[in-house]
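The chain contents come next:
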Amino acid sequence: MKVPGDIVEFGCYAGTSSLYIRRILDQTGQSAARQFHVYDSFEGLPHKSRQDTNAAGVDFEAGKLYVSKKEFLQQFKSAGLAPPIIHKGWFNELRVQDVPATIVFAFLDGDFYDSILSSLRLVWPRMVEGE
């Protein structure tokens, strides 16, 4: 492991990407050395801001894409994989202390402008350089 740091995923929905990330960490022997954190409201989508108004996202309304934390965890149990560290909340309500001090990989899937901006502001200063 050349570059230190943990893995974060903002917006995990039902866990498809989370399972994929966990499998990669396990298969490459990095699970013990890197913590894997996921962040989600587990309440569905937030309200849109004016930046999110477009024809492509007309079906994306507040509360849609709801998956409970229990359903998310069931995906890991069914797959026989260790679950990540789960942080429940809206991205704009998270504090700097809620994210790892060093981040080697960040997957930002917040669906809306404010969600991506909020998560990027938390993650960017903690991203490590390296190859």
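Structure's up top.
Residues numbered from 1 in each chain as written. Predicted model: local features only at pLDDT ≥ 70, side-chain atom pairs only at ≥ 80, totals over all residues. Heavy atoms only, no water.

1. Things to note about the side chain of H37
Counted only if it meets this: Helix and strand labels come from DSSP, where a helix needs a run of H or I of at least four residues and a strand needs a run of E of at least two; each type is numbered from the N terminus. Type-normalised accessible area, obtained with a 1.4 Å probe on protein chains alone, sets the label of each residue: buried when under 20%, exposed when over 50%, and partly exposed for intermediate values. Residues count as neighbours in contact if any of their non-hydrogen atoms are within 4.5 Å of one another.
Here H37 is to be found in strand β2 (residues 36-40). We classify H37 as buried; its relative accessible area is 7%. In this structure H37 touches D6, I7, V8, E9, I85, H87 and P100, once residues within four positions along its chain are discounted.

2. A look at the packing of aromatic side chains
Note the threshold: Two rings from Phe, Tyr or Trp (for Trp, the six-membered ring) form a pair when their centres sit within 6.5 Å of each other. Planes less than 30 degrees apart are called stacked, planes more than 60 degrees apart edge-to-face, and all others tilted.
On inspection of all chains with the given rule, the structure shows 4 aromatic pairs. Ring centres of F72 and F76 lie 5.3 Å apart, and the angle between their planes is 55 degrees; on these two criteria the pair is classed as tilted. Note that F72 and F76 are positioned in helix α2 (residues 69-79) at a spacing of 4 residues, about one turn of the helix. The pair F72 / F76 is uniform in exposure class, with both members buried.

3. Quick look at the environment of D40
Quick reminder of the rule: By the criterion applied in these results, polar contacts are pairs of N or O atoms within 3.5 Å in which, for protein atoms, one can donate a hydrogen and the other can accept it, and in which residues neighboring in sequence qualify only through two side-chain atoms.
Along the chain, D40 turns up in strand β2. Measuring from C-alpha to C-alpha, the distance between D40 and D109 comes to 9.8 Å, with 69 residues separating the pair along the chain. The residues touching D40, leaving out its near neighbours within four places in the chain, are G11, C12, Y13, H87, K88, G89 and F91. A distance of 2.9 Å separates a polar side-chain atom of D40 from the backbone nitrogen of C12.

4. Examining the sheet that holds β2
Short version of the rule: Here, strands pair whenever DSSP counts at least two bridges between them. Geometry is summarised by axes, namely lines fitted to C-alpha atoms with helices restricted to the contacting stretch, and by angles between N-to-C directions that run from 0 to 180 degrees.
Taken together, 4 strands build an open sheet; the order of strands is β3-β2-β1-β4 and the sheet is parallel. Either end of the sheet is taken by a strand with one partner, and the two such strands are β3 (85-88) and β4 (103-108). Ignoring which end each strand starts from, the neighbouring axes of this sheet average 15 degrees apart. Both strand β1 (residues 6-10) and β2 contribute to a ladder of 4 bridges, which runs parallel. Paired with E9 across the two strands is V38, which belongs to β2.

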